[in-house]
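Listed below, chain by chain, are the residues.
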Amino acid sequence: MGSVDEERSLLEAELDRAENSGLYTGDGSVDFNGNPVLKQNTGNWKACPFILGNECCERLAYYGIATNLVSYLTKKLHEGNASAARNVTTWQGTCYVTPLIGAVLADAYWGRYWTIAAFSTIYFIGMCTLTLSASIPALKPAECVGSICPSATPAQYVVFFFGLYLIALGTGGIKPCVSSFGADQFDDTDPKERVKKGSFFNWFYLSINIGALISSSLLVWIQDNAGWGLGFGIPALFMGLAIGSFFSGTSLYRFQRPGGSPITRMCQVLVAVFHKRNLKVPEDSSLLYETGDNHSAIEGSRKLEHSEELKCLDKAAIVTNAETKSGDFSNPWRLCTVTQVEELKILIRMFPIWATGIVFSAVYAQMSTMFVEQGMMMDTKIGSFTIPPASLSSFDVISVIFWVPIYDKIIVPIARKFTRKERGFSELQRMGIGLFISVLCMSAAALLEIKRLQLAKELDLVDKQVAVPINILWQIPQYFLLGAAEVCTFIGQLEFFYDQSPDAMRSLCSALSLLTTSLGNYLSSFILTLVIYFTTKGGQIGWIPDNLNEGHLDYFFWLLAGLSFLNMLIYTLCAAKYKQKKAS
């Protein structure tokens, strides 16, 4: 037994020397076969093109469905405005809940690479099912005859929504893993690579929006003019290309070992705290239990330094006299390491920051619902060319593509001189700027709707469900502001939840950041339901009737602007109190 321990100690010492020499990564990453990786041969920017290509194609596929989905539901499945908006936000919300499934599988069992591979297959099957539902005559709803629009059959609904929710499941396995897997290609212990990681998140988000730009312009036009079968088939093809791009870079990737179930580890801390609830936490934190060598007891994780917050959880790491006498420290349901306790503390500290992202996501959800429905009631013609209302979201994407390189190459170097931070602004500062811009975005949308309704009244179009002669390009400012808010808030969230999460919980924390988008969509649906309920009481038309000329969509936008402002104030207080993670 002694010889085995000696060999292990010698091996660890040899690896430490290799890491310190700079030949190997210092964050515990390995190659495809589980061996330590040489820095010069793997990871860094040489591995990123395959990951960015995968993300670009996958997002093109996703937005090829999501961007114009409300139009398909209203024009082909013959749903009302409110019903279609609810269905879209519910589906999009589900797309951001399912990442919890993929994250737990990645962190606990499969690792990020195999999780992405498995769920990409499910995603591709869903895309093909959706394409068939829009292509085969028996699966397509009947066209309208004049003003009579027959409802889709139950079988047609089942096939369509089955494909749609397979996509939601597939994207759930991919989304929390791809950004983290890309960031894994940069060594946290190397200062130069750590700076590059900050740039990676910017370019990762840019690749998302390049895919989204093609979807919101070219694919939306194809769907509206060349047919939905082709309009859904092209995204399915690009999903196949996404899978091919991902596998092409396998030999260059750095992999993090799965560290076991993070949910189990958190439960172990809570159970251990309960059993030791009557014990007093020692003043000297060095008396708390931790492994003796340089490596954490959690596979694929560095040790975390003890923090003074939430000291009640430290009881899980108290070594009792009975445990000292027996020398048995192997039961994690009775005794946890400091690192394991700190994992739970980190999640609790991040919770208020996480919660404030929900309202921002509710604002973002309007781009594919109420902004589109607002655009449908405006003049969509530029000369002889008709602009599909959903394609205006391309200006949100153009805004992101405009701001990402400017932020990365101009704003960050300038800000760095003043803040002395390697990334210019901290993740929390960046997110706060985005929340402020979101208030301006909803205010711009409300002001435009006031002008549209005023013109409808002047032209006696209030009782007519027809477009008001105000050009749809007036929507560009609200889309452009939303894009600027995205660059700050969503990319800031990606950085924050990756950097501040424990090493063995990064997929889970990425999924939690995505969950804010899901809950934002659900919040949007909930607010919409409440608005319809309260504003239609007593037989009133309400704020959002099928004929928006009769309604007050501007009130809805002002409501979201007010919620966003209140949310920003709460976020500022939470961010000021946040304590940063400290890893060894």
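- An unreviewed UniProt entry lists the protein under the name Protein NRT1/ PTR FAMILY 8.3-like, with Gossypium anomalum given as the organism.
- Turning to the protein, the UniProt record has this under Subcellular location (unreviewed entry): "Membrane".
- If you open the UniProt record of the protein and go to Sequence similarities (unreviewed entry), you find "Belongs to the major facilitator superfamily. Proton-dependent oligopeptide transporter (POT/PTR) (TC 2.A.17) family."

Side note on the packing of helix H16 (residues 476-499) against helix H17 (residues 506-535)
Piece 1. For the pair H16 and H17, the least separation of the axes is 8 Å and the interaxial angle reads 150°. Classified by the angle between their axes, H16 and H17 sit roughly antiparallel to one another. As for how H16 packs across H17, the hand of that crossing is right-handed. On H17, the residues that touch Phe 490, Gln 493, Phe 497 and Tyr 498 of H16 are Arg 506, Cys 509, Ser 513, Thr 516 and Thr 517.
Piece 2. Residue composition of the contact of H16 with H17, by class: 4 nonpolar, 4 polar and 1 charged.

Some remarks on the packing of aromatic side chains
Piece 1. Taken as a whole, this structure holds 43 aromatic pairs when the rule is applied.
Piece 2. Between the aromatic rings of Phe 32 and Trp 114, the centroid separation amounts to 6.1 Å while the plane-to-plane angle is 50°, which identifies the pairing as tilted. Taken together, the residues Phe 32 in the loop between helix H1 (2-21) and helix H2 (44-66) and Trp 114 in helix H5 (residues 99-135) connect sequence positions 82 residues apart.
Piece 3. Connected via pairs of aromatic rings, a cluster forms that spans Phe 32, Tyr 113, Trp 114, Phe 181, Phe 246, Phe 247, Tyr 253 and Phe 255.
Piece 4. Cation over ring: Arg 59 sits above Tyr 62, and NZ or CZ is 4.2 Å from the ring centre.
Piece 5. The ring of Tyr 407 is capped by Arg 430, whose NZ or CZ atom sits 3.8 Å from the centre of that ring.

Quick notes on the pattern of salt bridges
Pairing of side chains with opposite charge becomes possible as their charged atoms draw close.
Piece 1. Scanning the entire structure with this criterion turns up 12 salt bridges.
Piece 2. The residue Lys 345 makes a salt bridge to Asp 314 at a minimum N-O spacing of 2.9 Å. Of this pair, Lys 345 sits in helix H11 (residues 338-355) while Asp 314 sits in the loop between helix H9 (262-275) and helix H10 (321-326); the two residues are 31 residues apart in sequence, bridging distant segments of the chain.
Piece 3. When its relative accessible area of 2% is taken as the criterion, Asp 314 is described as buried.
Piece 4. Salt bridges sharing common partners tie together Glu 55, Glu 58 and Arg 59.

With respect to H5
Piece 1. Taking 1.5 Å as the rise per residue, H5 with 37 residues should run 54 Å; its terminal C-alpha atoms sit only 29 Å apart, a clear shortfall.
Piece 2. Of all the bends in H5, the greatest, near 120°, is centred on Trp 110.

Some points on H11
Piece 1. The terminal C-alpha atoms of H11 lie 26 Å apart, and with 18 residues this matches the ideal 26 Å at 1.5 Å per residue to within 8%.
Piece 2. Of all the bends in H11, the greatest, near 30°, is centred on Arg 349, and the proline Pro 352 appears no more than four residues after it.
Piece 3. Within H11, 14 of the 18 residues are buried, which leaves it mostly tucked inside the rest of the structure.

Here's the deal with the environment of Thr 121
Piece 1. Checked against the element boundaries, Thr 121 lands in helix H5.
Piece 2. With a relative accessible area of 44%, Thr 121 lands in the partly exposed category.
Piece 3. For the pair Thr 121 and Thr 324, spaced 203 residues apart in the sequence, the C-alpha separation amounts to 50 Å.
Piece 4. Side-chain polar atoms of Thr 121 contact the backbone oxygen of Ala 117, separated by 3.3 Å.

Quick word on the nonpolar core
Piece 1. Counting residues in each nonpolar core, the largest one holds 144 residues, and the members touching the most others are Trp 91, Phe 160, Phe 371, Phe 556 and Phe 557.
Piece 2. For Trp 91, the contacting residues outside a window of four places in its chain are Tyr 62, Ile 65, Ala 66, Leu 69, Leu 164, Tyr 165, Ile 167 and Ala 168.

A look at unusual backbone geometry
Piece 1. Despite not being glycine, Leu 310 has its phi angle at roughly 50°, a positive value.
Piece 2. Looking at the secondary structure, you find Leu 310 in the loop between H9 and H10.
Piece 3. The phi dihedral of Asp 460 is positive, around 60°, even though this residue is not glycine.
Piece 4. Tracing the sequence through the fold places Asp 460 in the loop between helix H15 (427-458) and strand E4 (468-471).
Piece 5. Its relative accessible area of 54% is what places Asp 460 among the exposed residues.

Regarding the confidence of the model for the protein
Fine structural detail should not be taken from predicted coordinates in areas where pLDDT scores are low.
Piece 1. Averaged over the protein, the pLDDT score is 83; the fraction of residues at 70 or greater is 95%.
Piece 2. By mean pLDDT, H1 is the weakest element of the protein at 49, and helix H18 (residues 553-577) is the strongest at 93.
Piece 3. Here residues 1-5 scores under 50 on pLDDT; set against residues more than four positions off or in separate chains, the count is 0 contacts.

Here we look at the environment of Cys 144
Piece 1. You can see Cys 144 is positioned in the loop between H5 and helix H6 (154-183).
Piece 2. Relative accessible area serves as the criterion here: at 32%, Cys 144 is assigned to the partly exposed category.
Piece 3. Spatially, the C-alpha atom of Cys 144 lies 8.7 Å from that of Lys 75, the residues being 69 residues apart in sequence.
Piece 4. Setting aside its immediate chain neighbours within four residues, Cys 144 contacts His 78, Cys 149 and Pro 150.

What counts and how
- Residues numbered from 1 in each chain as written.
- Predicted model: local features only at pLDDT ≥ 70, side-chain atom pairs only at ≥ 80, totals over all residues.
- Heavy atoms only, no water.
- UniProt positions renumbered as here; feature names shortened; annotations may be inferred.
- Axes fitted to C-alpha atoms, helices over the stretch in contact; angles between N-to-C directions.
- Helix = DSSP H or I, 4+ residues; strand = E, 2+ residues; numbered from the N terminus.
- Parallel < 35°, antiparallel > 145°, perpendicular 65-115°, else oblique.
- Left-handed = near helix turned anticlockwise from the far one by under 90°.
- Contact = heavy atoms within 4.5 Å.
- Nonpolar A, V, L, I, M, F, W, Y, C, P; charged D, E, K, R; others polar.
- Phe/Tyr/Trp six-rings, centres within 6.5 Å; stacked < 30°, edge-to-face > 60°.
- Lys NZ or Arg CZ within 6 Å of the ring centre and 35° of its normal.
- Salt bridge = Lys/Arg side-chain N within 4 Å of Asp/Glu carboxyl O.
- Buried < 20%, exposed > 50% of the residue type's maximum accessible area, 1.4 Å probe, protein only.
- Expected span 1.5 Å × (residues − 1).
- Bend = angle between axes of the 7 residues up to and from the residue.
- Polar contact = N/O pair within 3.5 Å; in protein donor to acceptor, adjacent residues only side chain to side chain.
- Core = buried A, V, L, I, M, F, W, Y, C linked by side-chain atoms within 4.5 Å.
- pLDDT = per-residue confidence, 0-100.

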